[in-house]
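# Examination of the molecular architecture
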Amino acid sequence: CTLCGDCCSGCNVGAKNTTQMTYLPDAVNHGAQIFCETVVSHVEKDGARWRVFYTNHVHGRDAFHAPERTVTADIVVLGAGALGSSEILLRSREAGLAVSNKLGHGFTGNGDVLAFGYNNDRPVNAIGVGHPARADVSPPGPCITGAIDLRGSARMEDGMIIEEGVIPSGMSQILPAMFASTAALFGKDTDHGVIDEITEKAREAKSQLLGAYRGAIHHTQTMLVMAHDNGHGVLELGRQSIEVNWPQAARQDVFKHVEDKLFEVTKAQGGTYVRNPMQFKILGENLVTVHPLGGCPMGQTRELGVVNHKCQVFDGDPFTGVDAVHEGLFVCDGSVIPRPLGVNPLLTITAITERAMIQLARDRAREFSTAPLKTAPIRIAGGADDEVAVPLGVEFTERMAGFIAPSSTEDFAEAAARGEASGNAFSFTLTVQVEDIDVFVADRNHSGRIVGTVDCPAHSPEPMDVVAGNFNLMRPDPDRVETRRFDYVMEIHARDGQVYDFNGYKIVRGDEMGADLWNDTTTLYVEVTPRGGEPQSEVARGILTIAPLDFARQLTTMRAVGGDGPLDKISAVARFGLLFAGALFGVYGAMVAPIKRFDPDRVRKKRPLRVSPPEVYVFDTSDGKRLQLKRYNGGGKGPILFTHGLGVSSQIFSIDTIDTNLLEYFFAQGYDCWLLDFRASIDLPYAVERWSADDCAKYDYQPAINLMRDVTKRSSVQVIAHCFGATTFVMSMLSGLEGVRSAVISQIAADVIVPFFPQRMLAFLRTPSILDMAGFDVVNARATTKEGFFARRLDAIVRWIIPFQREERTRSATSNRITALYGQLYETAQLNRLTFENGLPEMFAEANIDAFKQLALITRKKFIVDANGLDVYRPNASRMAIPICFIHGEKNACFRPISTKLTQDWLSKVNGGGLYERHVIPGYGHIDCIFGKNAADDVYPHMLRHLERTASS
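The sections below set out a description of the structure shown in this document.

Cut-offs and rules
Residues numbered from 1 in each chain as written. Predicted model: local features only at pLDDT ≥ 70, side-chain atom pairs only at ≥ 80, totals over all residues. Heavy atoms only, no water. Helix = DSSP H or I, 4+ residues; strand = E, 2+ residues; numbered from the N terminus. Buried < 20%, exposed > 50% of the residue type's maximum accessible area, 1.4 Å probe, protein only. Contact = heavy atoms within 4.5 Å. Areas by Shrake-Rupley, 256 points an atom, 1.4 Å probe, with all protein chains shown as cover. Pairing = 2+ DSSP bridges. Axes fitted to C-alpha atoms, helices over the stretch in contact; angles between N-to-C directions. Salt bridge = Lys/Arg side-chain N within 4 Å of Asp/Glu carboxyl O. Core = buried A, V, L, I, M, F, W, Y, C linked by side-chain atoms within 4.5 Å. Phe/Tyr/Trp six-rings, centres within 6.5 Å; stacked < 30°, edge-to-face > 60°. 1 Å grid on protein atoms, 1.4 Å probe; cavity = no way out; pocket = protein on both sides within 12 Å on 5 of 7 lines; lining within 4 Å. Points joined across faces, edges and corners; volume = space filled by probe spheres on them. Nonpolar A, V, L, I, M, F, W, Y, C, P; charged D, E, K, R; others polar. Polar contact = N/O pair within 3.5 Å; in protein donor to acceptor, adjacent residues only side chain to side chain. Parallel < 35°, antiparallel > 145°, perpendicular 65-115°, else oblique.

### Regarding the overall build of the protein
Summing up its helical and strand segments, the protein has 24 helices and 35 strands in all. Scored against the burial criterion, the 953 residues of the protein give a buried share of 52%. In the protein, once contacts between residues fewer than 6 apart in sequence are set aside, the share between residues at least 24 apart is 70%. Surface summary for the protein: the accessible area is close to 42,900 Å², and the carbon and sulfur share equals 55%.

The structure is reproduced here in structure tokens:
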């Protein structure tokens, strides 16, 4: 994170003697953090190797006084920090390891001081907001981005650096009271006066009432100092852990010098200086440090240090040379720094460590690379004494069996569809572990851990171990509408050392009756890939299923772990079951589950478009409408006019919910793109007025094209027209529109063939005219949370009476309205979740009833006519003697694909077939050809190839 301020950017604190970055067994990697289950006590020589002694505490072995576990290695590198590495070596010395007498000496806090400038005159904004944000304020940014560098003193020991800090958001609730009382007891006000006093008290009250993100705390500066203490601390083994022996540490002159400088800094801001209260004598004169250094100091010989310049541990045996070392034992962390540095030690420690590793590689004739090492943590399956209850979680075991076989994705998909896929026997028995049911339920992806074994005789004669496994239960699928999925991701380790990557998923996409429930939830599609750079042909794919008897056994393994009693355990299992059942109901209960409506007040974070900032041009039509063109100039090709459909706007071409939209695609190809919002656009006030398609054709296109030609100095333009935009564009062309040299026409042109039910039936029933007589001037496809009772009841009726295709029935009120008004406009399989849930309600809204009346008239006639039903356009076919590419979705249930075929044949007969081409896109419907999730691969290239032939005039 670089914004929320909830982290420290320079700390190097050893977590006692835990292994912060461990390759030892049982260290579990949870994303960005490593939770250490392993505590190292000491190391011993084991012949030419080293034996590391450790205890795994989370399994409860301590309660039984179980012996420590060990692993052996040729090389051991201690990196547990100044406290941790020193403690490990101190215990190792107790166990007989000969080391330098300097072990534990030279400990320093790096001269660290923590202090505050409280209630300054100006706001500081230095409290982290967390994620998600705890308050509606600007995030403070990362900790330590500014400093006052005072290291240029005559004596290095007098130098210091003062850095700004950020207090974590987790402390925000206690800060107002804590600082008010601390400042009153220990603070020093740097400015005085009645007005100043009143102002400061007002800010204090504001913090007390409104919280840490207002008032005095919002005006508080955290100050972090690194200086030079005397470094005389000694680390010793105490009864329980390591202890620091450093008499009079807090009374060093350096800290008085630091405080004087911090007082000056605070005075410049008009605040109250508050030192670390723990430094006061009454509270024990304790120092604070985030940079503990020393304890295993570097030196030229064992008489001067614990490690040499290569970070090798000196051999303390008096019968060896003073520079003799223990081969294979290293310390690489802040403990080797022999003095305070007076600045953040991160880079110094990193440089010393990197140098030591370079020397190690050279000494052992090994290659050294600075590339990140991807090492998976290992978890060893232990005995009964390793099992320990984790806080209120759930676990269950399942077995799935089937086959895998080397195959390409296409081959496997085709074979699976035919029911002919087969291969080598493959099965697994996995335990799914949910460590914290609260976290699991709150997590949108519902993630758990998986451990277990895999049987695949073709790959290994012995069972293989599952390592670093992750499980997701019914997480929303970002690439599919109203779909959930199970994910299984894990490493499989064979006994011969071969490692395989396993990826499996279940797709849960329901129908209204739930007939697919069993197959969806018990069928796992898998890929198994061997590690080691093998070619893609080595990938094995397969299908695993749960047998009914195995499922019955799986239910018996469901159990709760952790918690304080039986009720907790029952609660955990019940919550898991309710989550699963609720997710299933959301998928399979489309007919009865709650309808989803769009919240217009919810702000969605949108991705930036990969185009230039738009140039906006406003122009007037001869009938008094003020329309808009947005220009995105991607290069010298074109220009292209984009014209949208009814009830939407030009946003259909620039929606950010897909990876690459139509605008971005043509912009990247070097086209000068002009997005037209004509009178049908929901972004203009005219969308709700009464006008016809004839008005659009007569008044809107010619001035738009004239403006484009004037600005670009081009004699003609290209056009991409979709749906109602295509209909009105064709009308305009047949009426004599000038300046167009080629066009792409999407889904509809001069001929209109629609399915009988419901579009043609509704047209014959004069439904738009009936709505007009009933007082409906406008229809609205956008269903929002702010609509009243009547709209909600209407949505419920629509949900039941509209004959949705089985796979198209959804819980989205907006989607249902779109289908009711326009017919099935898209194949939901071609939309991703973000487009469906957010894009559709953002793109669709009002359309006037006169436009629908004319469309119903055209539907009855089966070809374009004017608002009076007259055939005034088709007699002028010669006016469309330009290159045209027709695009039609194979599954278009709004305008059947035969529509554009009829228009192509008609125009070819009049003007010659060489001008026209047509592409029917498999698997696509109507408007998903414009913003389908894969339209950039499946549809846009057809448009591009056509327009490339006339890209420049």
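More follows now that the structure is in view.
### Some words on the sheet that holds strand E15 (residues 312-314)
Ordered in space as E6-E16-E15, the three strands form an open sheet in which the pairing is mixed. Single-partner strands in this sheet number two, and they are strand E6 (76-78) and E15. Between one strand axis and the next, the sheet turns through 50 degrees on average, direction left out of account. In the sheet, E6 pairs with strand E16 (residues 325-331) via three bridges, with the strands oriented parallel. Bridged to Val77 within E16 is Phe330.

### Section: the pattern of salt bridges
For the coordinates displayed, the defined rule picks out 46 salt bridges. With a shortest N-O distance of 2.8 Å, Arg631 and Asp672 are connected by a salt bridge. In this pair, Arg631 sits in strand E27 (residues 626-633) while Asp672 sits in strand E29 (residues 671-677), placing the two residues 41 residues apart along the sequence. Here Asp672 falls in the buried class, since its relative accessible area comes to 4%. In this structure, Asp850 engages Lys853 in a salt bridge whose closest nitrogen and oxygen atoms are separated by 3.9 Å. One end of the pair is Asp850 and the other is Lys853, both in helix H20 (residues 849-861) and three residues apart, which spans about a single turn. Under the relative-accessibility criterion, Lys853 is labelled partly exposed at 27%.

### Brief notes about the nonpolar core
Core analysis: the largest hydrophobic core is formed by 107 residues, its most contacted members being Phe666, Phe729, Phe844 and Phe931. At eight residues, helix H13 (residues 693-712) tops the list of elements feeding residues into this core. Those residues within four positions of Phe844 in sequence are excluded, and the remaining contacts are Gly647, Val648, Ile682, Ala781, Arg782, Ile818, Tyr822, Leu825, Ile927 and Phe931. Grouped together as the second largest cluster of nonpolar side chains are 40 residues, Met464, Tyr500, Leu579 and Leu584 included.

### Description of the sheet that holds strand E7 (residues 113-118)
Strands sit in the order E8-E9-E11-E7-E14-E10 across an open sheet of six strands; the sheet is antiparallel. The outermost strands of the open sheet, each flanked by one partner alone, are strand E8 (147-149) and strand E10 (188-189). Relative to strand E14 (residues 272-275), E10 is paired through two bridges, and the arrangement is antiparallel. Looking across to E14, one finds that Asp189 is bridged to Thr272.

### What about the pairing of E16?
Each regular strand shows side chains that alternate between the opposite faces of the sheet. The element E16 is extensively covered by neighbouring structure, given that six of its seven residues are classed as buried. Pairing of E15 with E16, which is carried by two bridges, proceeds in the antiparallel orientation. Across the sheet, residue Phe314 finds its bridge partner in E16, namely Val325.

### Brief notes about the packing of aromatic side chains
For the structure on display, the rule yields 27 aromatic pairs. Centre to centre, the rings of Phe471 and Phe486 are 6.3 Å apart; their planes meet at 55 degrees, and the pair counts as tilted. One end of the pair, Phe471, is in strand E20 (residues 464-476); the other, Phe486, is in strand E21 (residues 484-493), with 15 residues separating them in the sequence. Both residues of the pair, Phe471 and Phe486, belong to the buried class. Ring geometry for Phe678 and Tyr701: centres 5.9 Å apart, planes at 35 degrees, overall tilted. Remark: Tyr701 occurs in helix H13 and Phe678 occurs in the loop between E29 and H13; sequence separation between them is 23 residues.

### A few points about unusual backbone geometry
Note that the residue after Gly638, namely Pro639, is joined by a cis bond; omega there is 0 degrees. Positive phi, close to 45 degrees, is recorded for His446, a residue that is not glycine. Within the fold, His446 resides in the loop between helix H8 (437-442) and strand E19 (447-455). What makes His446 buried here is its relative accessible area of 7%. Phi at Lys862 takes a positive value of approximately 75 degrees, unusual for a residue other than glycine.

### Thoughts on empty space enclosed by the protein
In this structure the tally under the stated criterion is one cavity of 30 Å³ or more. Approximately 60 Å³ is the volume found for the largest cavity. In terms of lining residues, the largest cavity is bounded by Gly645, Leu646, Val648, His722, Cys723, Tyr822, Leu825, Phe844, His926 and Ile927. Counted by class, the lining of the largest cavity contains seven nonpolar, three polar and no charged residues.

### Describing the side chain of Ser100
Take Ser100: it is sitting in the loop between helix H1 (81-94) and E7. Among the polar contacts made by the side chain of Ser100, one reaches the main-chain carbonyl oxygen of Arg302 at a distance of 2.5 Å. For Ser100, the contacting residues outside a window of four places in its chain are Arg93, Arg302, Gly305, Val306, Phe314 and Gly316.

### Describing the environment of Ala73
Assignment of secondary structure puts Ala73 in strand E5 (residues 69-73). Separated by 23 residues in the primary sequence, Ala73 and Trp50 place their C-alpha atoms 5.4 Å from one another. Every residue in contact with Ala73, bar those within four places of it in the chain, is listed here: Arg49 and Trp50.

### Observations concerning helix H18 (residues 813-822)
With eight of its ten residues buried, H18 lies for the most part within the structure. Phi turns positive, to about 90 degrees, at Gly823, one or two residues after H18.

### Concerning the packing of helix H2 (residues 175-186) against helix H3 (residues 194-210)
Where H2 contacts H3, the two axes come as close as 8 Å, and the packing angle between them is 150 degrees. The angle between the axes of H2 and H3 places the two elements in the roughly antiparallel class. Between H2 and H3, the contacting residues are Pro176, Ala177 and Ala180 on the first element and Glu204, Ser207 and Gln208 on the second. Among the residues forming the contact of H2 with H3, the class breakdown is three nonpolar, two polar and one charged.

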